[in-house]
Amino acid sequence: MIDLPVTEIFDDLDGALAAHTAAVLMAPPGAGKSTAVPLFLKDAQWLSGRKIVMLAPRRLAARAAARRMAHMLGERVGRTVGYRVRLDTRIGPHTRIEVVTEGVLTRMLQNDPALDGVGLVIFDEFHERSLNADVGLALCLDIQGILNADLKLLVMSATMDSGPVASLLGQAPVIEARGRTHPIETRYLGGHSPTGDLKKVAAAVCTALRQEQGSILVFLPGAAEIRMVAHLLEQAQLASHIHILPLLGGLSAKAQDRAISPPKSGQRKVVLATAIAETSLTIEGIGVVVDSGLQRFPRFDVGSGMSRLVTMAVSKASADQRRGRAGRLGPGACLRLWSEAANRALVPDRRPEILETDLCSLVLTLAGWGVGDPLDLKWLDPPPEGAFDRACDLLRDLNALDQDNRTTRHGREMALLPMHPRLAHMVLMARQNGQGRAACDLAALLAERDPLWFYDGCGEADMRLRFDLIQARREGRPFTIPAARIDENACRHIIRIGDQMSRPLGRFRPSDTAGDVSLGRLLAWAYPDRIARRRPETRGRYLMAGGQGVRLDAKDPLAGEEYIVAVETDGRRQDGRIFRAAAYDRNHLEEQFADRLEQRSEIGWDAGRRAVTSRKELRLGALLVSVQPIHQPDENQVMAAMMEGIAQNGIAALPWSRSLRNLQARVCFLHNIPGIEGGWPDLSDQNLIADLEWLTPCLGGVSSLRDLAGIDLRSALVGQLTYTQHRQLDMLAPTHWVVPSGSRIAIDYGGKVPVMAVRLQEMFGLEQTPTIAGGRQPLLIHLLSPAGRPVQVTQDLAGFWRSTYHEVKKELKGRYPKHYWPDDPMSAIATARVRPKP
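Residues numbered from 1 in each chain as written. Predicted model: local features only at pLDDT ≥ 70, side-chain atom pairs only at ≥ 80, totals over all residues. Heavy atoms only, no water.

J.: Which residues make up the overall build of the protein, and what values do they have?
T.: The number of helices and strands found in the protein is 26 helices and 33 strands. Its C-alpha atoms give the protein a radius of gyration of 42 Å, more than 25% over the compact-globule value 28 Å for 838 residues. With respect to the principal axes defined by its C-alpha atoms, the protein has extents near 145 × 65 × 60 Å. Expressed as a percentage of its 838 residues, the buried residues of the protein come to 53%. In the protein, the proportion of contacts linking residues at least 24 apart, taken out of those at least 6 apart, comes to 67%. (Helix = DSSP H or I, 4+ residues; strand = E, 2+ residues; numbered from the N terminus. Rg over C-alpha atoms; globule rule 2.2 N^0.38 Å. Buried < 20%, exposed > 50% of the residue type's maximum accessible area, 1.4 Å probe, protein only. Contact = heavy atoms within 4.5 Å.)

Here it is in structure tokens:
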């Protein structure tokens, strides 16, 4: 430890923890904080021989740190220094330092809330702000000084802002250590943003192998990209002394050691890694970093209730961490596949995971801790309310929480299993149904990296291929998939994880095998909100019970299935892509979720059929499972649906005739006459369609637009009038007017003013303009020629006779000489004939 820079602050750190309940240590990568600090502090007087628990951000980092510390002590892992990670423990009776991760600290706190025998909890690389680290710190602060009176906390980081953390820890002292770095030449090889062009990544590696010394560390966003770049480098036919080594979670310890250990003399290695290699992990022999500038993050969408992996540009802090890996041993080089301008545009740091991810595990943990409101604990960033509430909803669906958000017995059993609550629920339900072993293998498949890589790049979605592959490998049977490459290391790891997952469940029934099982049935227990039914007349397009639309490639063999369980999607709210799924049987749905299926009578308007539909629907969330007709639907509901249909199609859908339109217009005329008594109703189209209750007496037995032809619309309209109004209607707004010739001439109420069109000769002898509405409204007279063409429009008949008539007479007499054209129209005899009778 003498050679490590962090040793310079050992005395300061020891004094700070002796005098305070917590401290913050800031030390750059390579300073030795992850290994030297725990070894130094284990002998501190204030620790009084108690244990140190150090929380590492990843399994790989936890195992590597424990091995490194054990090596520094000249011991094997599990003696003074051990580790506990998910499903893997190396702890002995003499262990003083335990490196833990993957929620193990949380599980330790649940099993022993006092952390009996633990004197110090170290949170390493806290700047990564993993969800488990935030939860672990909140729970440790909750027990500090109460359940564990002497517990000390140490938060360590390379890049974070120490102020907020120190404040959260009660104004804890901040200790800063210097690092030791060598000059690093940074070269920018890309365009305006970090690139996902893997051919450019492979080309940059080849360039670095020719121009630079030492081994190369390549940062890529995920396992798929690592496989693709490895494939491209294999095709480049590199020299035999160059070894391509992947480094990601899920690899065997032997494979991880090959990537981390220094290369043998005369050899070089190209380590293809995810962000796992950014911090807390020493990779020997690295002199060059090739950085794609991308990282894959989980993002939880409150609206869809789903998480999705999003590939994004790294933060500036992460890019700097990656660059620093090239200067651990001596002068190095960093090749960045983006431009210098793009580098200036990078965000300073990543958002904490607690703000971006699914909170189901956190909610179950807090409920088991007795905390219903997360604000009862201390957080750097409290859990978002929306995501927290959605997690509560899901856990209630999984029977893990009761209506008061307290853990049920089933929920407490789920919390004991080292897996996501969805998978824990699936495994427990499967065990009850004799398929526990299969469920454990399936849970391992879902929790670990995909063992299949499809050459066409789109990826086969069917979980059955993966499950059958694992069963074949478990039984030693051959199994090949022509379109895919099989990751044998991943297969072995999944089998091992499946076995480890099954251990807390005890012995299975003799009949409990992974034989002929319905994967859809198992997965539906874990993902009831992702049960999906194919949309009618489509291939590969589905609607999930949670209400989101999702899709499979139309060429995918699963795309024709009526029901599937969409295990993994890209999380988009609509038309999200399905990455992994399994076929599902409707009979299983009705058996598994009989208590959740909602049966409702659906009586509504069908715009396509232009009629009311009456049916019984069986639904699971947004999914329509089955439909049956209702033979005697409720009349009131049918009538309400019929009114909706009329409203959608407009008032013209009713069986209007010319006389009915005239009736409507006469009443509207009286409604609009100022000062008229009786409060005449408004029968305008707008008012009638706004409230169709007036039509209810006519709609008995009517269920389609076609049926409307037989209704008594006149009675419905007249029914809007009072008895007095009905008697007064013909008097105040008559349909006809008897003119001097004796003819009954119709009055047109369709315009702003009532109109009477009549031949001029039929009006001889009438001096004053006819009026209606009790004399309030003079008619607009359209005086017609013998041929029925308007020659004058007037509301002043007397004025017409006195002035304009003689000009009109002169013109018309020339056209119609046989007709009667008197000199004095007011004393002449009106006639409907050519001339009046003698």
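J.: Give a description of the packing of aromatic side chains that names residues and reports values.
T.: Applying the stated criterion to the full structure yields nine aromatic pairs. Measuring from centroid to centroid gives 6.2 Å for F123 and F126, while their planes differ by 80 degrees, and the two rings are edge-to-face. Its relative accessible area of 1% is what places F123 among the buried residues. For the ring pair F764 and W801, a centre distance of 5.8 Å and an interplane angle of 50 degrees mean the geometry is tilted. In this pair, F764 sits in the loop between β29 (755-759) and β30 (771-772) while W801 sits in helix α26 (residues 797-815), placing the two residues 37 residues apart along the sequence. Accessibility classification places F764 together with W801 in one group, the buried group. An aromatic cluster of at least three residues, connected via ring pairs, comprises F764, F800, W801, Y805 and Y820. Geometry around W656 places R661 over its ring, the cationic atom sitting 4.0 Å from the centre. (Phe/Tyr/Trp six-rings, centres within 6.5 Å; stacked < 30°, edge-to-face > 60°. Lys NZ or Arg CZ within 6 Å of the ring centre and 35° of its normal.)

J.: Can you lay out the nonpolar core for me, pointing to particular residues and giving the numbers?
T.: Side chains that are nonpolar tend, in soluble globular proteins, to be buried together. Counting residues in each nonpolar core, the largest one holds 112 residues, and the members touching the most others are F123, L153, L169, M426 and L523. For this core, the element with the highest residue contribution is helix α5 (residues 131-143), accounting for nine residues. Setting aside its immediate chain neighbours within four residues, L523 contacts M426, L442, L446, M463, V565, V567 and A582. (Core = buried A, V, L, I, M, F, W, Y, C linked by side-chain atoms within 4.5 Å.)

J.: Describe helix α3 (residues 59-73), listing the residues and the values that go with them.
T.: With 15 residues, α3 extends 21 Å from end C-alpha to end C-alpha; this agrees with the ideal 21 Å at 1.5 Å per step. Inspection of α3 places R59, L60, A61, A62, R63, A64, A65, A66, M69 and A70 among the buried residues, and these make up the whole buried set. G74, located one to two residues past α3, shows a positive phi value of around 75 degrees. (Expected span 1.5 Å × (residues − 1).)

J.: Please give an account of the layout of surface pockets that cites residues and values.
T.: Considering only enclosed or pocket space, the second largest pocket measures out at about 890 Å³ in volume. Along the walls of the second largest pocket sit 35 residues, with R68, T282, I283, E284 and R328 positioned nearest its centre. Within the residue set of the lining of the second largest pocket, elements represented by two or more residues are α2 (33-41), α3 and α9 (253-260). The leading source of residues in the lining of the second largest pocket is α3, at six residues. Per-class residue counts for the lining of the second largest pocket are 13 nonpolar, 12 polar and 10 charged. (1 Å grid on protein atoms, 1.4 Å probe; cavity = no way out; pocket = protein on both sides within 12 Å on 5 of 7 lines; lining within 4 Å. Points joined across faces, edges and corners; volume = space filled by probe spheres on them. Nonpolar A, V, L, I, M, F, W, Y, C, P; charged D, E, K, R; others polar.)

J.: Can you explain the pattern of salt bridges? Please cite residues and give values.
T.: Taken as a whole, this structure holds 45 salt bridges when the rule is applied. A salt bridge links K51 to E98; the shortest N-O distance between them is 2.8 Å. Of the two residues, K51 sits in strand β2 (residues 51-55) while E98 sits in strand β5 (residues 97-100), which places them 47 residues apart along the sequence. For K51, a relative accessible area of 26% gives the class partly exposed. What makes E98 buried here is its relative accessible area of 1%. Here D393 makes a salt bridge to R396, at a shortest N to O gap of 2.3 Å. On the criterion of helical spacing, the pair formed by D393 and R396 is a turn pair, its members being three residues apart in helix α13 (residues 385-397). (Salt bridge = Lys/Arg side-chain N within 4 Å of Asp/Glu carboxyl O.)

J.: Give me the lowdown on the pairing of strand β7 (residues 152-157), citing residues and values where you can.
T.: Burial analysis of β7 places six of its six residues in the buried class, the great majority of the element. Alternating residues of β7 divide into K152, L154 and M156 and L153, V155 and S157, and every residue in both groups is buried. Alignment of strand β1 (residues 22-26) against β7, held across five bridges, turns out to be parallel. Among the inter-strand pairings, M26 is bridged to a residue of β7, identified as S157. The sheet contact formed by strand β6 (residues 118-123) and β7 spans four bridges and is parallel. (Pairing = 2+ DSSP bridges.)

J.: Residue-level account of unusual backbone geometry, with values.
T.: Even without a glycine there, the phi angle at N399 is positive, about 60 degrees. The residue N399 is located in the loop between α13 and α14 (409-416) in this model.

J.: Describe the environment of A641, and please don't skip the residues or the numbers.
T.: Position of A641 among the secondary structure elements: in helix α21 (residues 635-649). The exposure class of A641 is buried, given its relative accessible area of 3%. Sequence-wise, A641 and A61 are 580 residues apart; in three dimensions their C-alpha atoms are separated by 64 Å. Aside from chain neighbours lying at most four places away, what touches A641 is I603, G604, W605 and V612.

J.: Help me get a handle on the packing of helix α15 (residues 421-432) against helix α19 (residues 519-526), residues and values and all.
T.: Running from N to C, α15 and α19 point in directions that differ by 130 degrees, and their axes come no closer than 7 Å. Relative to α19, the element α15 lies oblique. Along this stretch, α15 crosses α19, giving a crossing that reads as right-handed. Along the contact surface, α15 presents R422, L423, H425, M426, M429 and A430, while α19 presents L522, L523, W525 and A526. Partitioning the contact of α15 with α19 into residue classes produces eight nonpolar, one polar and one charged. (Axes fitted to C-alpha atoms, helices over the stretch in contact; angles between N-to-C directions. Parallel < 35°, antiparallel > 145°, perpendicular 65-115°, else oblique. Left-handed = near helix turned anticlockwise from the far one by under 90°.)

J.: Describe in detail the sheet that holds β5, supporting the description with residues and values.
T.: An order of β4-β3-β5-β2-β6-β7-β1-β8 is seen for the eight strands of this open sheet, with the pairing classed as mixed. With one partner strand each, in any of the chains shown, β4 (88-90) and β8 (174-176) form the two edges of the open sheet. Across the sheet, the mean angle from the axis of one strand to that of its neighbour is 20 degrees, orientation sign disregarded. Of the pairings in the sheet, the one linking β1 to β8 comprises three bridges and is parallel in character.

J.: How would you summarise the sheet that holds strand β23 (residues 576-584) if you had to cite specific residues and measurements?
T.: Read around the closed barrel, five strands run β19-β20-β21-β23-β22, paired in mixed fashion. If you compare each strand with its neighbour and ignore which way they point, the axes differ by 50 degrees on average. Pairing of strand β22 (residues 563-569) with β23, which is carried by six bridges, proceeds in the antiparallel orientation. Bridged to E568 within β23 is R580. On the sheet, α19 packs against β19 (531-534), β22 and β23 and is oriented at approximately 125 degrees with respect to β23.

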